[in-house]
Protein chains: 2
Amino acid sequence: MSIDALIADLTPILGPEGVLTGEQLASRQSGVWASQEIKASVIFRPSSTKELSQTLKSCNLFGQQVVVHGGLTGLVSGALTRSDDVVISTERLNQIEKISVDDRTMRLQAGVRLESAQVAAKKRGLMLPLDLGARGSCTLGGNAATNAGGHQVIRYGMMRESILGLEVVLADGTIIDSMNSMLKNNAGYDLKHLFIGSEGTLGIISRLILRLRPESLSQETALLACTDFSHVIALLNRFDRSLGGTLTAFEVMWKNFYQLVANSTPPLADKFPFYILMEALGNDPEVDRERFIRVISQAEEAGELADAVIVKSGAERDRLWQLRDGVDKIVDLGPSKVFDVSLPLSEMDQYVIEVKQRLKSALPKSLCFVFGHVGDGNLHLVCVPNQEELKAFREVEKAVYNPLANLRGSISGEHGIGLEKKDWLSISRTNDEIQLMRLLKTSLDPQGILNSGRIFD
Amino acid sequence: MSIDALIADLTPILGPEGVLTGEQLASRQSGVWASQEIKASVIFRPSSTKELSQTLKSCNLFGQQVVVHGGLTGLVSGALTRSDDVVISTERLNQIEKISVDDRTMRLQAGVRLESAQVAAKKRGLMLPLDLGARGSCTLGGNAATNAGGHQVIRYGMMRESILGLEVVLADGTIIDSMNSMLKNNAGYDLKHLFIGSEGTLGIISRLILRLRPESLSQETALLACTDFSHVIALLNRFDRSLGGTLTAFEVMWKNFYQLVANSTPPLADKFPFYILMEALGNDPEVDRERFIRVISQAEEAGELADAVIVKSGAERDRLWQLRDGVDKIVDLGPSKVFDVSLPLSEMDQYVIEVKQRLKSALPKSLCFVFGHVGDGNLHLVCVPNQEELKAFREVEKAVYNPLANLRGSISGEHGIGLEKKDWLSISRTNDEIQLMRLLKTSLDPQGILNSGRIFD
C-alpha cells in the first residue's frame, strides 16, 4: 500500500480542494499556538459527510491510519503528526445548518468554529453555553470529541450536556445518524455518549444538534478573598444555594498565582491565600444585582470573606477575567507544564499542599501556580521547573499525578489524554476500565486506524 | 446444564437468604402494580458487589440467561419473567454508604429506593433532583439502568445527569469500578454512559455516586390556560428566560385530559385547549414569589395567557399536582395503553392532531388523552380503545408511533424499550444505530445472558 495509491483513489472523490500535499500542506501551521509547520504526507478535507465516509472507507480498506484535525487548539498533543501521517481535517464541514428558536436547538457541521456558533445563537436571542479561551479557533466537532469544559460548567455542564444528537462516521465509513433533537430519548442505547470525549478514536463526528439556552440579561461579577480553604467550600455551597440557580462561574486563584497576575495594582490586597472570581448570569438585572450584593454581605457577616469587590462596569469585569486568564504571565517565566487535574473539593486544599511539598523536595527551585474551576472540582497547576531542572518534567508529573491515585482524582478534568498523558492513565482508571476502553476500540475500529495511540496504546 | 446445578453452585456463596425458590419465590408479586405472582425458577439476591460478581460469573459459565430485578416499577415489561427464568435482584444491595456535604455527593448501592435517598439528602440540607411517582418503590440502580426522567428534567436533566460515577458488573463477573465523584473527568472514555439507559443489557449496576444539589427554599406553582399551542411554546421560552434558572416543571394537559381529571370543580374553567402546570424552585422566597407573579402578569399582557391561578398554599399545590398525576381516572375507563413519546416542540401540536385523526379513522370509538413533560419535548398519550376494539392495540400503536418516523421523534422519551416496544425501535433509530447497539451488546456480553431480548432481539 502506498500513500500515492490512496491519494489517487480519493482525489476524484474529494476534488483538488479536498486533497492537500506538498507546498500547500507545508505552508500550514501545526497548531494554533505552534510556530512549526504541519508534518503530514497528505491532508484530506472532505466537504460533506458522504465524502468523509468515502475517505474513511478508503483509508480502512488500505489499512491506513489517520489523525483527525479540528481547530488544532488541543492541549494534549492529540493532533500531533509525523511526516508520514495522513490527516483528515473537518475544516470544510463548516455550515450552521439550522437554528430553531422554538425548539432552542442548533444543527451544524463539525467544523464550525465555537465563536461562530455563539454569535449565531446570540443573534436569535439564545445562548450556546460552552465558552473557552480558544473560542475563535476551536471547532464544535473538536469540542465534542474532547468533551470540552470551560468557564460555565458549574451551571450548564460540559460540552456533553449541550449535545442532543450527532452524526458520526465510523472507521469503515459507516455513517451513524444519531441526530436526536429532544432533551429526552430513551429508545435504546444513547450512542452519542460513546463518541463524546473519546478524542476521535471511535469515529469522526461530522454533525451535531446542540441545545441552546435563553440569552442572559444580567451579569454580576465579584472578586472575593478568603483566608481559609474551608471558607472557599462554604462560599461555593452558599452561592449555589442562595443565588437561585444563577451561579455560573466559581474560579479560584491561589495566592502566588494572584500575586503574579495582579501585578502592581491588585483589585484586592495580595496578601490572602485564596481569591475567588465569582459570576452569576440572570435575566432580571435589578433583582439579580440586589440579591448578588445581599448574598455577598451575608457571607461577610458569616465570616467567610476577608475582602470583596463587586464589579460596577464592563471594564472592571474584563480586568478581573484577564487576571484569571493571565496564564501568559507564567509562560513568560520559562518552560512550563500546564495540568488540569480534578478531585473532590474536600481533598483539594490538602492535595495542593502535598503537590507543593513534593515539588519542593524533588525540584527545590521550581515554581507552581494554582488556579482553576474549583466549582467543578477542576484545578489547573502550572509548574515551572528551574532552568537547571529542565530535564525534570517527569518529576513534575510525578509530583502532580501520584497523589491523585489515592484520592480517586483525575489526571484530566477537561483537556483529555491525547498522546501526552497516556502513560498516566492508570492513575485515574482501573485496569478493568482501560481493558473495557480497549474492547470498545477494537470492536468499533478493528484495524485501529482512527487517532491510533491516543488515550492508550 | 440444569438450574439445580447452578443453585448448588451459588448457594454456598450467597447463603440461604440469597437464593429464593419454591414457596418463598411464589409468594412474591411480579411487579409493584401487578397482582400476579412472580414467575421464575430462582431469584438470586447477592448482598455485595462481590457476590453479584460471583453470581454472574457462574451464570455466564453455565450459559444461563438472567433477568435483572430492581424495584419492579418499570412500564415496558423489562422485568417480565417466565417460569424457567433466573432472576438476579439487587434488593439486598440497599446501603447508603456516604453523603459528603462539602462535595455534594452521595454514594450508595444500587438497590436503595429513590425515596430513601431523597430523604437522606434532605436531612443534610441537600436534594437529589430526580423525582417520579414510583419513588417509594423504584431503586436508584433501576433509575440508572433506565435513565429515569420525571418532573424536573427541564432544570436538572434526567437520571444520567445526576450520576457522577458507578460500579457495574459485566456478564462474565468483571467488576468495573468507575466510581468517579467529580463533575469533570476526561481521563479516557466516560464508561458510565454505556450502562446508563441500557436497561441492564450490558451490565448490572451495583453502586452509584450521585450529584446532589442545594435544597430549595421556595416553591412557586401556577396553573395556566392557553388558547393556542404557539402560546404554550412562547410561555415556555418566556419562563425559561425570565425566571432566571428556577423553572423546574412545565407540564401541559390537553383539554380532554384536564376535563377528565379536574372533574366537577376545576381550578380553571375547563373550556381551554391547553393547561400548563408550571413550577419554579428557588432559594429566596420573597424575591422568587414577586418575580413569579410579575412574569405571569407579563405573559398575560403579551396575550399568551387565557387564564391563570397562582398557588397560595401547599394544599392548593397538592391539588394541582394530583390533577397532573391523575392517570388513574383514565385507567378506570377501561383497558388502556400509555405512551411516552418525545418529539420537537415545534412539531408537537400538529403531531397530536394527526394521532387523533389516525385513531379516529382506525378506531372510531377510542379515546385519547394527552399530557406530559412538554418542557422536555416529552408527551404522554393514554389511549383507550372501545371494548369492541380491544384487539386493536396494535392499531393504536401504529397511530401513535408511525407519525414519529418523519419527525425524528422517539417512541420512548423516558420509559425505555424493554420487551414492549422493541418491535417499534426502528421508528426512532436507524438500522446502523441498531447494528451498533448490537455490536456493543455482543462485545460486552458475547453469550447474551443479560436481560436477553430487551431493547432488541
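Residues numbered from 1 in each chain as written. Chains lettered and ligands numbered in written order. Predicted model: local features only at pLDDT ≥ 70, side-chain atom pairs only at ≥ 80, totals over all residues. Heavy atoms only, no water.

### Here's the deal with the overall build of chain A
Looking only at helices and strands, one finds 17 helices and 18 strands in chain A. Relative to the 2.2 N^0.38 estimate, which gives 23 Å for 457 residues, the radius of gyration of chain A is 23 Å and therefore close to what a compact globule would have. Overall, the C-alpha framework of chain A stretches about 70 × 60 × 45 Å when taken along its three principal axes. Residues counted as buried form 61% of the 457 residues belonging to chain A. (Helix = DSSP H or I, 4+ residues; strand = E, 2+ residues; numbered from the N terminus. Rg over C-alpha atoms; globule rule 2.2 N^0.38 Å. Buried < 20%, exposed > 50% of the residue type's maximum accessible area, 1.4 Å probe, protein only.)

### What to know about the nonpolar core
Judged by nonpolar contacts, the single largest core of 186 residues is most densely connected at Phe250(A), Leu379(A), Phe250(B) and Leu379(B). The residues touching Phe250(A), leaving out its near neighbours within four places in the chain, are Ile154(A), Val232(A), Leu235(A), Leu236(A), Phe239(A), Ile276(A), Leu277(A), Met278(A), Gly372(A), His373(A), Val374(A) and Gly375(A). (Core = buried A, V, L, I, M, F, W, Y, C linked by side-chain atoms within 4.5 Å. Contact = heavy atoms within 4.5 Å.)

### Points about the interface of chain B and chain A
The partner chain A presents 91 residues to the 91 residues of chain B that form the contact. Both sides together, the interface formed by chain B and chain A hides about 7,100 Å², and carbon and sulfur atoms give 52% of it. Together, Lys184(B), Asn186(B) and Tyr189(B) form the three largest contributors to the area buried by chain B at its contact with chain A, with a combined 14%. Linking chain B with chain A are 12 salt bridges. Among the ionic pairs, Arg294(A) bridges to Asp284(B), the shortest N-O distance being 2.7 Å. One can count 41 residue pairs in polar contact (both at pLDDT 80 or more) joining chain B with chain A. For the side of chain B that touches chain A, the class distribution of residues is 32 nonpolar, 33 polar and 26 charged. (Buried area = accessible area lost by both parts, 1.4 Å probe. Salt bridge = Lys/Arg side-chain N within 4 Å of Asp/Glu carboxyl O. Polar contact = N/O pair within 3.5 Å; in protein donor to acceptor, adjacent residues only side chain to side chain. Nonpolar A, V, L, I, M, F, W, Y, C, P; charged D, E, K, R; others polar.)

### With respect to helix 12 (residues 314–324) of chain A
Residues and elements named next belong to chain A. For helix 12, the full list of buried residues reads Arg317, Leu320, Trp321, Leu323 and Arg324. Looking straight down helix 12, one finds its buried side chains confined to an arc of 150°; they lie on one side. Along helix 12, the residues that are exposed and aim more than 90 degrees away from the buried face are Ala315 and Gln322. (Arc of directions from axis to C-beta.)

### As for the sheet that holds strand 4 (residues 86–89) of chain B
All names here are of chain B. Taken in spatial order, the 4 strands of this open sheet run 1-2-4-3, and their pairing is mixed. The sheet is open, and its two borders are formed by strand 1 (19–20) and strand 3 (66–69), each paired with just one other strand. The sheet contact formed by strand 2 (residues 42–44) and strand 4 spans 3 bridges and is parallel. Within strand 4, the residue paired with Ile43 across the bridge is Val87. Each of strand 1, strand 2 and strand 4 is contacted by helix 1 (residues 3–14), which is oriented at about 30° to strand 2, the strand it contacts most. With respect to the sheet, helix 3 (residues 49–62) is in contact with strand 2, strand 3 and strand 4, its orientation differing from that of strand 4 by roughly 165°. (Pairing = 2+ DSSP bridges. Axes fitted to C-alpha atoms, helices over the stretch in contact; angles between N-to-C directions.)

### Let's talk about the packing of helix 9 (residues 229–242) of chain B against helix 11 (residues 285–301) of chain B
Two measures define how a pair of helices packs: the angle their axes make with one another and the distance between the axes. Residues and elements named next belong to chain B. Here helix 9 crosses helix 11 at 145°, and the two axes come no closer than 11 Å. Seen along the crossing, helix 9 lies across helix 11 with a hand that is right-handed. Of helix 11, the residues touching helix 9 (which contributes Leu235, Arg238, Phe239 and Ser242) are Arg291, Val295, Ile296, Gln298 and Ala299. Looking at the contact of helix 9 with helix 11 residue by residue, the classes come out as 5 nonpolar, 2 polar and 2 charged. (Left-handed = near helix turned anticlockwise from the far one by under 90°.)

### What about the sheet that holds strand 10 (residues 204–211) of chain A?
Strand pairs in the sheet, formed through backbone hydrogen bonds, run parallel or antiparallel to each other. Residues and elements named next belong to chain A. A sheet is described by the order of its strands in space; here 5 strands give the open sequence 5-6-10-8-9, paired in antiparallel fashion. Looking at strand neighbours, the two that pair on one side only are strand 5 (96–100) and strand 9 (175–178), the edges of this open sheet. Sheet twist, expressed as the average angle between the axes of neighbouring strands with direction ignored, equals 10°. Pairing geometry for strand 5 and strand 6 (residues 105–109), over 4 bridges, is antiparallel. When the sheet's bridge partners are listed, Ile99 is paired in strand 6 with Met106. Here helix 4 (residues 114–123) sits on the sheet and contacts strand 5 and strand 6; the angle it forms with strand 5, its principal contact strand, is near 35°.

### Observations concerning the side chain of Ser428(B)
You can see Ser428(B) is positioned in helix 16 (residues 425–428). In terms of polar contacts, Ser428(B) uses its side chain to reach the backbone carbonyl oxygen of Gly409(B), at 3.2 Å. In this structure, Ser428(B) is in contact with Ala187(A), Gly409(B), Ser410(B), Ile411(B) and Glu433(B), ignoring residues within four places of it in sequence.

### As for the relation of the copies chain B and chain A
Overlay of chain B on chain A (RMSD 0.0 Å): rotation 180°, translation along the axis 0.0 Å. Put plainly, the chains are arranged around a two-fold axis. In terms of proximity to the rotation axis, the leading residue of chain B is Gly245(B), whose C-alpha is 2.6 Å off the axis. When the interface residues of chain B are mapped onto chain A, 100% of them are again interface residues, pointing to one common binding face. (Least-squares fit on C-alpha atoms with pLDDT ≥ 70 in both.)

### Things to note about the pairing of strand 3 (residues 66–69) of chain A
Residue and element names in this part refer to chain A. Burial of the side chains of strand 3 extends over both faces: Val66 and Val68 are buried on one face and Val67 and His69 on the other. Pairing of strand 3 with strand 4 (residues 86–89), which is carried by 4 bridges, proceeds in the parallel orientation. For Val68, the partnering residue across the bridge sits in strand 4 and is Ile88.

### Here's the deal with the packing of helix 14 (residues 345–362) of chain A against helix 15 (residues 393–407) of chain A
All names here are of chain A. Orientation of helix 14 relative to helix 15, taken along the N-to-C sense of each, is 145°, at an axis distance of 9 Å. Handedness of the crossing formed by helix 14 with helix 15: right-handed. Every residue of helix 15 that contacts helix 14 at Glu347, Tyr351, Glu354, Val355, Arg358, Leu359 and Ala362 is listed here: Glu395, Val396, Lys398, Ala399, Val400, Asn402, Pro403, Leu404 and Leu407.

### Description of the packing of aromatic side chains
Summed over all chains, the structure comprises 20 aromatic pairs over all chains. Each ring, one from Phe229(B) and one from Phe274(B), has its centre 5.4 Å from the other, and the planes form 65°; the classification is edge-to-face. Remark: Phe274(B) occurs in strand 14 (residues 274–282) and Phe229(B) occurs in helix 9; sequence separation between them is 45 residues. Here Phe229(B) and Phe274(B) have matching classes, each one buried. Arranged with centres 5.3 Å apart and planes meeting at 80°, the rings of Phe339(B) and Tyr401(B) form a pair that is edge-to-face. Here Phe339(B) is found in strand 16 (residues 337–339), whereas its partner Tyr401(B) is found in helix 15 (residues 393–407), with 62 residues between them in sequence. In terms of burial, Phe339(B) and Tyr401(B) fall into one category: buried. Ring-pair connections join several aromatic residues into one group, and the members of that group are Phe229(A), Trp254(A) and Phe274(A). (Phe/Tyr/Trp six-rings, centres within 6.5 Å; stacked < 30°, edge-to-face > 60°.)

### Here we look at unusual backbone geometry
In this model, Leu72(A) sits at a positive phi of 60°, which is unusual for a non-glycine residue. Among the secondary structure elements, Leu72(A) is positioned in the loop between strand 3 and strand 4. According to the relative accessible area criterion, Leu72(A) is partly exposed, its value standing at 21%. A positive phi angle is found at Arg104(B), which is not glycine, with a value near 55°.

### Observations regarding a nonpolar patch on the surface
Where nonpolar side chains cluster on the molecular surface, the patch consists of Val32(A), Trp33(A) and Leu75(A) and spans about 310 Å² of accessible area. Inspection of the secondary structure assignment puts Leu75(A) in the loop between strand 3 and strand 4. (Patch = residues over 30% accessible without salt bridge, like charges linked within 9 Å, V, L, I, M, F, W, Y side chains within 5 Å. Areas by Shrake-Rupley, 256 points an atom, 1.4 Å probe, with all protein chains shown as cover.)

### Looking at the environment of Tyr156(B)
All names here are of chain B. Relative to the elements of secondary structure, Tyr156 occurs in helix 6 (residues 153–156). Each C-alpha atom, one on Tyr156 and one on Leu128, is 9.7 Å from the other, the two residues being 28 residues apart in sequence. When sequence neighbours within four positions are dropped, the list of residues in contact with Tyr156 reads Met127, Pro129, Glu161, Arg213 and Thr248. A polar atom in the side chain of Tyr156 sits 3.5 Å from the side chain of Arg155.

### Some points on the state of the cysteines
Residues and elements named next belong to chain B. Evaluation of the coordinates by the stated rule reveals 0 disulfides over all chains. Take Cys383: it sits in no disulfide, and the sulfur closest to it among the cysteines is that of Cys368, at 3.6 Å. Since its relative accessible area comes to 1%, Cys383 is described here as buried. (Disulfide = S-S within 2.5 Å.)

### Observations regarding the environment of Val374(B)
All names here are of chain B. For Val374, the position within the fold is in the loop between strand 17 (367–373) and strand 18 (378–384). The exposure class assigned to Val374 is buried, which follows from its relative accessible area of 1%. Distance from Val374 to Leu343, taken between C-alpha atoms, is 9.5 Å for residues 31 residues apart in sequence. In this structure, Val374 is in contact with Phe229, Val232, Phe250, Val252, Trp254, Leu345, Met348 and Leu379, ignoring residues within four places of it in sequence.

Everything listed here is a matter of coordinates, which is why it stays silent on function.
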